[in-house]
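# Structure at a glance
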Amino acid sequence: MSIYNFSPGPAMLPEAVKQRIADELPNWRGTGVSVMEVSHRGPEFRQLVDETEALLRDLLDLPDNYRILFMPGGARQQYSMVPMNFARPDQQAIYFVQGHWGKDAIGEAGKFCQAEPLMPYNKDRPYAEIPAHNFDRITPETAYFHFTPNETLEGIEWHHDPDVPHQVPVVADMTSNLLSRPLDITRYGYIYGSAQKNLGIAGITLGIVREDLLHRAPSGLPLMLDYRTYANSQSLHNTPPTFPWYVANLVLHWLQENGGLDAMAQRNQEKAEALYRFIDSSDFYTNPVRPEHRSRMNVTFWLADESLNERFLEESRAAGLLALKGHRFVGGMRASLYNAMPIEGVQALVNFMREFENRYG
Ligand SMILES: *Cc1c(COP(=O)(O)O)cnc(C)c1O
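Residues numbered from 1 in each chain as written. Predicted model: local features only at pLDDT ≥ 70, side-chain atom pairs only at ≥ 80, totals over all residues. Heavy atoms only, no water.

Our next topic: the overall build of the protein chain. When its secondary structure is counted, the protein chain shows nine helices and 14 strands. Relative to the globule expectation of 21 Å for 361 residues, the C-alpha radius of gyration of the protein chain, 21 Å, shows essentially globular dimensions. When the backbone C-alpha atoms are referred to their principal axes, the protein chain occupies close to 65 × 60 × 30 Å. In the protein chain, which carries 33 positive and 44 negative side-chain charges, the distance between the mean positions of the two groups comes to 3 Å. (Helix = DSSP H or I, 4+ residues; strand = E, 2+ residues; numbered from the N terminus. Rg over C-alpha atoms; globule rule 2.2 N^0.38 Å. Lys, Arg positive; Asp, Glu negative; His and termini not counted. Charge placed at Lys NZ, Arg CZ, Asp CG, Glu CD.)

Turning to the sheet that holds strand β12 (residues 298–303), a few remarks are in order. Spatially, β11-β12-β14 is the arrangement adopted by the three strands of the open sheet, whose pairing is antiparallel. Bordering the open sheet on either side are β11 (285–286) and β14 (333–336), each of which pairs with just one other strand. Where β12 lies against β14, four bridges are found, and the strand directions are antiparallel. Residue pairing across strands places Thr300 opposite Arg334, the latter belonging to β14. (Pairing = 2+ DSSP bridges.)

Sheet topology note: the strand β3 (residues 92–95)/strand β4 (residues 114–117) ladder contains four bridges and is parallel. Looking across to β4, one finds that Ile94 is bridged to Glu116. Taking the sense of rotation as the criterion, the β-α-β connection linking β3, helix α4 (residues 100–109) and β4 turns out right-handed. (Right-handed = clockwise from strand over helix to strand, strands pointing away.)

With respect to spatial proximity, 14 residues lie near the ligand, and among them Arg76, Thr152, Asp173, Ser194 and Lys197 are the closest. Interatomic distance of 2.4 Å between a side-chain N/O atom of Thr152 and an oxygen atom of the ligand. A distance of 2.7 Å separates an oxygen atom of the ligand from a polar side-chain atom of Lys197. Contact with the protein chains removes 87% of the 390 Å² of surface that the ligand exposes when unbound. Partitioning the shell around the ligand into residue classes produces three nonpolar, eight polar and three charged. (Near = heavy atom within 4 Å. Polar contact = N/O pair within 3.5 Å; in protein donor to acceptor, adjacent residues only side chain to side chain. Areas by Shrake-Rupley, 256 points an atom, 1.4 Å probe, with all protein chains shown as cover. Nonpolar A, V, L, I, M, F, W, Y, C, P; charged D, E, K, R; others polar.)

On to helix α1 (residues 15–24). When we look at burial in α1, the residues that qualify are Val17, Ile21 and Glu24. The buried residues of α1 occupy an angular sector of 90 degrees when projected down its axis, which confines them to one face. Away from its buried face by more than 90 degrees, α1 exposes Glu15 and Asp23. Of the surrounding elements, those touching the buried residues of α1 are α6 (242–257). (Buried < 20%, exposed > 50% of the residue type's maximum accessible area, 1.4 Å probe, protein only. Arc of directions from axis to C-beta. Contact = heavy atoms within 4.5 Å.)

Enumeration according to the criterion identifies 25 aromatic pairs in this entry. On the numbers, 5.4 Å between centres and 85 degrees between planes, the contact of Phe135 with Phe145 is edge-to-face. You can see Phe135 sitting in the loop between β4 and β5 (145–147) and its partner Phe145 sitting in strand β5, a full 10 residues away along the chain. Residue Phe135 is classed as buried on the basis of its relative accessible area, which comes to 13%. (Phe/Tyr/Trp six-rings, centres within 6.5 Å; stacked < 30°, edge-to-face > 60°.)

All right, on to the domain arrangement of the protein chain then. Note on interface size: it is often stated as the accessible area lost on association of the parts. Per the domain assignment, the segments making up the protein chain are domain 1 (16–257) and domain 2 (260–360). The gap between the C-alpha centroids of domain 1 and domain 2 is 27 Å. Contacts between domain 1 and domain 2 engage 30 residues on the former and 26 residues on the latter. Interface area for domain 1 against domain 2, summed over the two sides, is near 2300 Å², with a carbon-plus-sulfur share of 58%. Run the count over domain 1 and domain 2 and you get two salt bridges. Residue Glu129 is joined to Arg290 by a salt bridge in which the shortest nitrogen-to-oxygen separation is 3.0 Å. Summed over the shared surface of domain 1 and domain 2, the result is 16 residue pairs in polar contact (both at pLDDT 80 or more). (Domains from an automatic or database assignment. Buried area = accessible area lost by both parts, 1.4 Å probe. Salt bridge = Lys/Arg side-chain N within 4 Å of Asp/Glu carboxyl O.)

The next point concerns the sheet that holds β3. Pairing in this open sheet of seven strands is mixed, and the strands run β2-β10-β9-β8-β5-β3-β4 from one edge to the other. Looking at which strands have only one partner, the edges of the open sheet turn out to be β2 (66–71) and β4. Neighbour to neighbour, the strand axes of the sheet diverge by 20 degrees on average, direction disregarded. Examined bridge by bridge, strand β9 (residues 190–194) and strand β10 (residues 205–210) share five bridges and lie antiparallel to one another. Paired with Ile191 across the two strands is Ile208, which belongs to β10. The sheet strands contacting helix α3 (residues 74–86) are β2, β3, β8 (170–173), β9 and β10, and the helix crosses β9 at an angle near 155 degrees. (Axes fitted to C-alpha atoms, helices over the stretch in contact; angles between N-to-C directions.)

Now for α3. With 13 residues, α3 extends 18 Å from end C-alpha to end C-alpha; this agrees with the ideal 18 Å at 1.5 Å per step. Remark: the principal bend of α3, roughly 30 degrees, maps to Ser80, with a proline, Pro83, within the next four residues. Most of α3 sits out of view: 10 of its 13 residues are buried. Where α3 is concerned, the buried positions are Ala75, Gln78, Tyr79, Ser80, Met81, Val82, Pro83, Met84, Asn85 and Phe86. (Expected span 1.5 Å × (residues − 1). Bend = angle between axes of the 7 residues up to and from the residue.)

Given below as structure tokens:
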């Protein structure tokens, strides 16, 4: 029986990447030891660092004035680093909130600058759309605009780049849709994402910053919370999370060998469409998210009869379909379809859902 892991994160890795890790674990690149046991300043690891950067530049078509940073601390640490580096304490930063992670981001930013929501947001109910909005509150003095292009819990995704006025830098938490399709980075000042969803395993966070923004940071920031520390040392100021960096490198190779981001975008679109099409065709399952705002990465759905939830989870698990439980804040079910999920996984899920409906519907 095939196992398909729909975990929202840490999420599944491509089979080929796991195999490669297993194969070269005892003797990495002829060093005679594993990648976990070599110096981050040795020639082999330095080569991995250069290669990883080159792969990212190539896949994302990054212009020279964007710098790549690899950091510890996860996306949640970025919630503090972004305002610390890009805003003065008295300066306004505007946050767009349409879900759980956006709320956390603005909550943390409020400790460091005047973080304000673009419009009032509700704390108590999961969102089912990107609320209608305009950018009138943004002024030339606004430090930056922050949003979450894919809200992982609710399954809500922006399918366009926001048109933010006055050349205010756009900052995005791309943790759950990083590298899932091509990106016009020139529309952004800073993007970031922790690796355990689309780029590898927990422990490392990717940031891509437009160079001029690095000059904004006040002096006296703690070194490890200052983006310049990473930019000026190729992210090797201290001992970095070497194993997660290595896994990210393998995932990037895999992306490139599998057609790059255009191919990923097409696959991701096909996967999500197949699942939404089935959900919409059934009265037994529902998804409340406005169709044009539905996530390609995290597909939420509810059983019309919620008393069947436990049985659905139990039987899906027994059928090799793992981690379909929705987040407790949102409820229901959620299937995460990151890059590594093959179309066969979605087909197996749809077949299981159809059969479950036939038995209990
Ligand atoms: C998972 C997730 C986070 C949390 O990431 P950590 O690495 O655990 O801090 C933040 N933002 C988004 C959009 C996520 O999906």
